[in-house]
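Next come the chains, spelled out residue by residue.
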Number of protein chains: 2
Amino acid sequence: MRAEILSIGTEILLGHITDTNAPYLARHLAEMGLDLFYVSQVGDNRGRVTETLRRAWERAEVIVTTGGLGPTEDDVTREAISDLIGEPPTVDAANLEQLRAFFSQRGIAMPERNVKQAWTTPSTTTLPNPRGTAPGWFVRRDGHVIIAMPGVPREMERMWEEEAMPRLMAVAGQTLVTRILRVIGLGESTVEERVSDLIHMTNPTLATYAKIDAVDLRISAKAATRAEAEAMLLPVEALARQRMTDPDGTNYVFGEDKITLAAVIGQHLLRLHWQLAALESCTGGLFASMLTDAPGSSAYFRGGVVTYATDLKEAQGVPPEIIERDGVISDATALAMAQAARDRLQAQVGVGITGVAGPDTQDGKPVGEIHIAVITPVGQRVLTAQIGNLERGEVKRRAVRSALTLLWQTLSTTMAAEA
Amino acid sequence: MRAEILSIGTEILLGHITDTNAPYLARHLAEMGLDLFYVSQVGDNRGRVTETLRRAWERAEVIVTTGGLGPTEDDVTREAISDLIGEPPTVDAANLEQLRAFFSQRGIAMPERNVKQAWTTPSTTTLPNPRGTAPGWFVRRDGHVIIAMPGVPREMERMWEEEAMPRLMAVAGQTLVTRILRVIGLGESTVEERVSDLIHMTNPTLATYAKIDAVDLRISAKAATRAEAEAMLLPVEALARQRMTDPDGTNYVFGEDKITLAAVIGQHLLRLHWQLAALESCTGGLFASMLTDAPGSSAYFRGGVVTYATDLKEAQGVPPEIIERDGVISDATALAMAQAARDRLQAQVGVGITGVAGPDTQDGKPVGEIHIAVITPVGQRVLTAQIGNLERGEVKRRAVRSALTLLWQTLSTTMAAEA
């Protein structure tokens, strides 16, 4: 089946917002095995939306739209779909009641213009939207499916995952099951290479996506029932996990689905009854910030020190003779920083990060040279990374990713040894 | 004139990358006064690219494409444009020489397949690309302009600003001048409200864009010459600056064009010969990280401490009796943290940030309650903000923005008083 995506909203055409709904939907459509050949953005104009819908109707069986479902005159998606399928909209009593309930729960009277959000047509099924006022439309007509969803990403994503996607699969008599393996410590091209023979499968499908904190390996299987789809997915997931493990047992999958690396590190620390502290210089606080993005991190994160000035490193407990001997940008200094973090901030686990964020070299060391140390009650690890002469923010981000990876590997090894 | 944007690349249709080129170009086209009614994304398929170009040709005078200019068989933008205008491409000797020079500078032989990147046609002017191998095309034919640029944003943006946009303006016999006023301390809707009577002007144009660290007010004027455009822009800029100033003289414009708030704060600190240190808790290191994103920040940023655990605040010099009396989440604690930062980290300027990042309340204070203090050699300021029960990362980002704003205001006032 061919699919087409249409994003509706004048604010997109003015460049006020970036359309992130289209790539989100594109990923999901690919997983479902649908062919996506065209994506379009069009403004809040009934004629132009209808024209674009008509063209999509001619070249695809499935049309997914986002935006234009608000209550104002500018919101014309419902009108355009009605024009296209030749079904004048009518007010649905149940929809209207739900809409009034949404407003009265918030203690406000529903403005009359919102009535159009309760519209339906004979070929339309309403898709509930607990996160906003605009319900979606699921239209089946003449062998085509049109799915209309709100433009607000958090409303759209829930509606897609909970309502639209399962219905669309049901039309094809199928269920889709997806599993994401989150990979760290391998570059995207290495991950791709390791699964290159699996990447052209059509069911299950397997694809890689580079995210900020990891590479995602998404595996999706479709079948008549959920149980069948899961049965198809399992061996491919097992194979993919095997490919993400080195012969010596080193595993690069830190978690599944939507969990973050910082959250997994937090879970490990809680299980080990350890608390963490950090001394960082070139990453300027970003390491601490990433760790504290995880809710509940105060249970295991003691704190951190950003020692930008060299004399502050010494004031925080890094022995001057080490800096004198090996330099600020060195493994020895990173280790001394990790030890100082443990001592001064009273934590079982200490992390030290030193390096050159750029744009200038420092101490004769090139931009992008990073030294990271992790010390725990049972051992220590040091990592030297050469990130390269990248933009300052990018050096910081990659250095933090390396530090989180080293920390996760250290904690995982400890847990494996204890198990 | 009507314009249309076409983004080309199968990786867009698979959801592997988000098309950020289209919103970038949309903003610029709006400033130039062009009407953008349609944006499309299409894969690396010669037939589909040609079909989409043909449709754009029918409904717009200006077509801007990105992507599909690489050396592989999959890169078909040049072929599709040639098909559309009926001009078979030929190898341009000067282009080829430049291309070979690009490779030989990097010490590698040019692969033969790259020859197609030296193609041209009779209606085509080559747009140089110092950041990559793919030059762009500027095609003028039958009252239409087609601009083809690479998909890599940093190559595209330079080519647009330096080559394509000036040529496009010249076609219309015009020059475009843009000035961005960067606004902090006012929400986007307030900024919009204050310039609401100016927002519908057509030349100069004025538009607001919410960015991560500020609200941008973009003013663009077009005229036959640069001097004329600047003369038109100046009074509107002056008026906009006036609107961004309160009757008591409080100014909300911290800088112009592409400068960041962190960089402006750095400039102020350098001018005042002051260094900065921070103690932060709920923002978890993000404040220090934002400050150290500015190149050269080691000249004025001493360091910071993330005191996540309450006893660490005390260990870093926050008097226990203040925490005892006013609580951890209070103005008094924020002030004591700022003072401790100055004392312990030996800086003239101290910043203290305490608050509740969520998802749980703390000390009976709601999620989103933030206290920020700035102490300098000539005074101090405290700010209490109620950010609201937002997602944890969002609370952190807004708290940091408030802290940077307070810091900038404090330094600006000092500089104004000294001047």
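Residues numbered from 1 in each chain as written. Chains lettered and ligands numbered in written order. Predicted model: local features only at pLDDT ≥ 70, side-chain atom pairs only at ≥ 80, totals over all residues.

J.: Mind laying out the overall build of chain A, listing which residues take part and the relevant values?
T.: Counting its regular elements, chain A contains 14 helices and 17 strands. Over its C-alpha atoms, taken along the principal directions, chain A stretches across nearly 80 × 50 × 40 Å. Counting across all 419 residues of chain A, residues that qualify as buried make up 49%. When contacts within chain A are restricted to residue pairs at least 6 apart in sequence, long-range pairs at least 24 apart make up 65% of them. (Helix = DSSP H or I, 4+ residues; strand = E, 2+ residues; numbered from the N terminus. Buried ≥ 20, exposed ≤ 12 C-beta atoms within 10 Å, placed from the backbone. Contact = placed C-beta atoms within 7 Å.)

J.: Got a sec to walk through the domain arrangement of chain A? Specific residues and values, please.
T.: Residue and element names in this part refer to chain A. Along its sequence, chain A is organised into domain 1 (2–172), domain 2 (176–256) and domain 3 (261–418). One C-alpha centre belongs to domain 2, the other to domain 3, and the line joining them spans 30 Å. Listed by partner, the interface residues are six residues for domain 2 and six residues for domain 3. When grouped by side-chain class, the residues that make up the side of domain 2 that touches domain 3 number three nonpolar, two polar and one charged. (Domains from an automatic or database assignment. Nonpolar A, V, L, I, M, F, W, Y, C, P; charged D, E, K, R; others polar.)

J.: Hey, could you go over the packing of helix α9 (residues 261–272) of chain B against helix α14 (residues 392–418) of chain B for me, with residue numbers and the actual values?
T.: Residues and elements named next belong to chain B. Contact pair α9 / α14: the axes reach a minimum separation of 10 Å and the direction vectors enclose 35°. For the crossing formed where α9 meets α14, the hand is left-handed. For the pair α9 and α14, the contacting residues are Leu-261, Ala-262, Val-264, Ile-265, His-268, Leu-269, Arg-271 and Leu-272 in the first and Leu-404, Leu-407, Trp-408, Leu-411, Ser-412, Thr-414 and Met-415 in the second. Among the residues making up the contact of α9 with α14, the classes are represented as eleven nonpolar, three polar and one charged. (Axes fitted to C-alpha atoms, helices over the stretch in contact; angles between N-to-C directions. Left-handed = near helix turned anticlockwise from the far one by under 90°.)

J.: Talk me through the sheet that holds strand β11 (residues 215–223) of chain B; I want residue IDs and the actual numbers.
T.: Residue and element names in this part refer to chain B. Spatial strand order, β10-β11-β9-β12: four strands in an open sheet with antiparallel pairing. Two strands in the sheet have a free side with no partner beyond their single neighbour: β10 (205–210) and β12 (253–256). In this sheet, adjacent strand axes meet at a mean angle of 25° when their direction is disregarded. Sitting on the sheet, helix α8 (residues 226–243) touches β9 (175–183), β10, β11 and β12, and the angle it makes with β11 is about 150°. (Pairing = 2+ DSSP bridges.)

J.: Outline the interface of chain A and chain B, supporting the account with residue identities and numerical values.
T.: Note on interface size: it is often stated as the accessible area lost on association of the parts. Facing 45 residues of chain A, the contacting portion of chain B comprises 45 residues. Sorting the residues of the side of chain A that touches chain B by element identifies α2 (21–31), β2 (35–42), α10 (286–291), β14 (301–307) and α14 (392–418) of chain A as the ones contributing at least two each. For the side of chain A that touches chain B, the class distribution of residues is 24 nonpolar, 16 polar and five charged. For β14(A) and strand β14 (residues 301–307) of chain B, the ladder comprises five bridges, and the chain directions are antiparallel. Of the residues in β14(B), the one forming a bridge with A:Thr307 is B:Gly303.

J.: Run through the relation of the copies chain A and chain B, naming residues and quoting values.
T.: Of the transformation placing chain A onto chain B, the axial shift is 0.1 Å and the rotation is 180°, giving an RMSD of 0.1 Å. Each copy turns onto its partner about a two-fold axis. Comparing interface residues between copies, 100% of those in chain A also sit at the interface in chain B, which points to an isologous, same-surface contact. (Least-squares fit on C-alpha atoms with pLDDT ≥ 70 in both.)

J.: Can you break down the sheet that holds strand β16 (residues 369–376) of chain B residue by residue, with the values?
T.: Spatial strand order, β17(A)-β16(A)-β15(A)-β13(A)-β14(A)-β14(B)-β13(B)-β15(B)-β16(B)-β17(B): ten strands in an open sheet with mixed pairing. With one partner strand each, in any of the chains shown, β17 (379–386) of chain A together with β17 (379–386) of chain B form the two edges of the open sheet. When the angles between neighbouring strand axes are averaged without regard to direction, this sheet yields 10°. Of the strand pairs in this sheet, β16(B) and β17(B) are connected by eight bridges, and their pairing is antiparallel. Among the inter-strand pairings, B:Glu369 is bridged to a residue of β17(B), identified as B:Gln386.

J.: So what's going on with the environment of B:Lys396? Which residues, and what values?
T.: Residue and element names in this part refer to chain B. Within the element layout of this structure, Lys-396 appears in helix α14. According to the C-beta neighbour criterion, Lys-396 is buried, with 27 such atoms within 10 Å. Sequence separation between Lys-396 and Phe-287 is 109 residues; the distance between their C-alpha atoms is 8.8 Å.

J.: Which residues make up unusual backbone geometry, and what values do they have?
T.: The residue after A:Asn203, namely A:Pro204, is reached through a cis peptide bond having omega -5°. Looking at where A:Pro204 falls in the secondary structure, it is placed in the loop between α7 (188–194) and β10 (205–210). The step from A:Gly358 to A:Pro359 runs through a cis peptide bond, and the omega angle for that step is 5°. Looking at the element boundaries, A:Pro359 is found in the loop between β15 (349–355) and β16 (369–376). With a phi angle near 55°, B:His273 is a residue other than glycine that sits in the positive phi range. Here B:His273 lies in the loop between α9 and β13 (276–280). Classification of B:His273 as exposed rests on a count of 8 C-beta atoms within 10 Å. Backbone geometry places B:Asp363, a non-glycine residue, at a positive phi of 55°.

J.: Outline the packing of helix α3 (residues 46–59) of chain A against helix α4 (residues 77–85) of chain A, supporting the account with residue identities and numerical values.
T.: Residues and elements named next belong to chain A. One way to put it is that α3 packs onto α4 with a least axis distance of 9 Å and a crossing angle of 50°. Relative to α4, α3 is oriented oblique. The way α3 lies across α4 gives a crossing that is right-handed. Contacts between α3 and α4 involve Arg-46, Val-49, Thr-50, Leu-53, Arg-54 and Trp-57 from the first element and Thr-77, Glu-79, Ala-80, Ile-81, Asp-83 and Leu-84 from the second. Taken together, the residues that form the contact of α3 with α4 break down as six nonpolar, two polar and four charged. (Parallel < 35°, antiparallel > 145°, perpendicular 65-115°, else oblique.)

J.: If you had to explain helix α4 (residues 77–85) of chain B to someone new, which residues and values would you point to?
T.: Every buried residue of α4(B) is listed here: B:Thr77, B:Arg78, B:Ala80, B:Ile81, B:Ser82 and B:Leu84. The positive-phi residue at the C-terminal boundary of α4(B) is B:Gly86, with phi of around 65°.

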